[in-house]
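Residue-level listing of the chains:
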Amino acid sequence: MPKLNLERPHDLGREEATRRLKDRFTFVQSNFQGRLTDVTEEWNDSTLTFGFKAMGMKVAGNVVVDESRVKVDARLPMAAIMFKGTVEQRVRQELDRLLAS
């Protein structure tokens with residue numbers, strides 16, 4: 001199973017970065033209901049454990065928010081291996097936008 005692992009720096013502090021990520025996950029869930037199924041989201045302080053299905057393919061992972069970085073670790077389905085680079089680039093861009101000061 002392909003893995004997606006990336007880290008993005010920020011200078012927002014843990015609390016603000018976590019708040020922004022929580023808001024974004026809420027937005028994604030409400031605006032992509034027709035495309036995402038079996039969505040799970042569990043926050044434990046500044047750590048998110050998530051899962052969902054997109055086009056019938058299961059994605060799961062964790063997001064850890066530190067004082068100065070966000071770390072994403074996800075497991076992608078084998079069928080998505082050819083899109084891994086595109087997915088990684090999109091996640092990186094989205095995090096950079098969300099975490100901008």
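The numbers attached to residues start from 1 for each chain and follow its sequence in the written order. Since the coordinates come from a predicted model, pLDDT governs what is reported: local features require at least 70, and pairs of side-chain atoms require 80 or more to be given and counted, while whole-chain, interface and lining totals use all residues. Derived side-chain values reflect all non-hydrogen atoms in the structure, with water molecules and hydrogen atoms excluded from consideration.

(A) Main features of the overall build of the protein chain. Secondary structure elements are taken from DSSP: a helix is a run of H or I of four residues or more, a strand is a run of E of two residues or more, and numbering for both begins at the N terminus. What the protein chain contains, in helices and strands, is 2 helices and 5 strands. Moving toward the C terminus, one meets the helices and strands of the protein chain in the order β-α-β-β-β-β-α. For the radius of gyration, the atom set is restricted to C-alpha positions; the globular benchmark scales as 2.2 Å times the number of residues to the power 0.38. Taken over the C-alpha trace, the protein chain has a radius of gyration of 13 Å; the compact-globule value for 101 residues is 13 Å, and the two agree within 12%. Principal axes of the C-alpha set define a box for the protein chain whose edges measure 35 × 25 × 20 Å. Burial here depends on accessible area, computed with a 1.4 Å probe over protein chains only, as a share of the maximum for the residue type. Under 20% is buried, over 50% is exposed, and the range in between is partly exposed. The buried share of the protein chain, reckoned over its 101 residues, is 31%.

(B) Highlighting the environment of Arg20. The topology assignment puts Arg20 in helix H1 (residues 14-31). Not counting the four nearest positions on each side in its chain, Arg20 is found in contact with Leu12, Leu98, Leu99 and Ala100. In protein, a polar contact means a hydrogen-donor-capable atom and an acceptor-capable atom, both N or O and within 3.5 Å, with residues adjacent in sequence counting only if both atoms are side-chain atoms; elsewhere, any N or O pair within 3.5 Å suffices. Polar contacts involving the side chain of Arg20 include one to the side chain of Glu16, which spans 2.8 Å. Working rule for contacts: check all heavy atoms of both residues, and any pair within 4.5 Å makes them a contact.

(C) The arrangement of the environment of Arg75 in detail. Checked against the element boundaries, Arg75 lands in strand E5 (residues 69-75). On the accessibility criterion, Arg75 (37% relative accessible area) is partly exposed. With 45 residues separating them along the chain, Arg75 and Ser30 place their C-alpha atoms 23 Å apart. Other than its neighbours up to four places away in sequence, Arg75 contacts Met1, Pro2, Lys58, Val59, Ala60 and Gly61.

(D) Representation of the nonpolar core. Judged by nonpolar contacts, the single largest core of 19 residues is most densely connected at Leu21, Phe50, Val63, Val70, Val72, Leu95 and Leu99. Of all the secondary-structure elements, those providing two or more residues to this core are strand E1 (3-9), H1, strand E3 (47-54), strand E4 (57-65), E5 and helix H2 (84-98). Here, the term nonpolar core denotes a set of buried Ala, Val, Leu, Ile, Met, Phe, Trp, Tyr and Cys residues that are joined through side-chain atoms within 4.5 Å.

(E) Region of interest: the sheet that holds E4. Pairing between strands requires that DSSP locate at least two bridges from one strand to the other. Across the sheet, which stays open at both edges, the 5 strands sit in the order E1-E5-E4-E3-E2 with antiparallel pairing between neighbours. What marks the edges here is a single partner per strand, and that holds for E1 and strand E2 (36-44). Taken pair by pair, the neighbouring strands of this sheet meet at an average axis angle of 10°, ignoring direction. Relative to E5, E1 is paired through 7 bridges, and the arrangement is antiparallel. Each residue of the ladder has a partner; that of Arg8, found in E5, is Val70. Angles shown run from 0 to 180 degrees and are taken between the N-to-C directions of axes, each axis being a line fitted to C-alpha atoms and, for helices, limited to the stretch in contact. Along the sheet face, H1 touches E2, E3, E4 and E5 and points at about 160° away from the line of E2. Sitting on the sheet, H2 is in contact with E1 and E5, with an inclination near 25° to E1.

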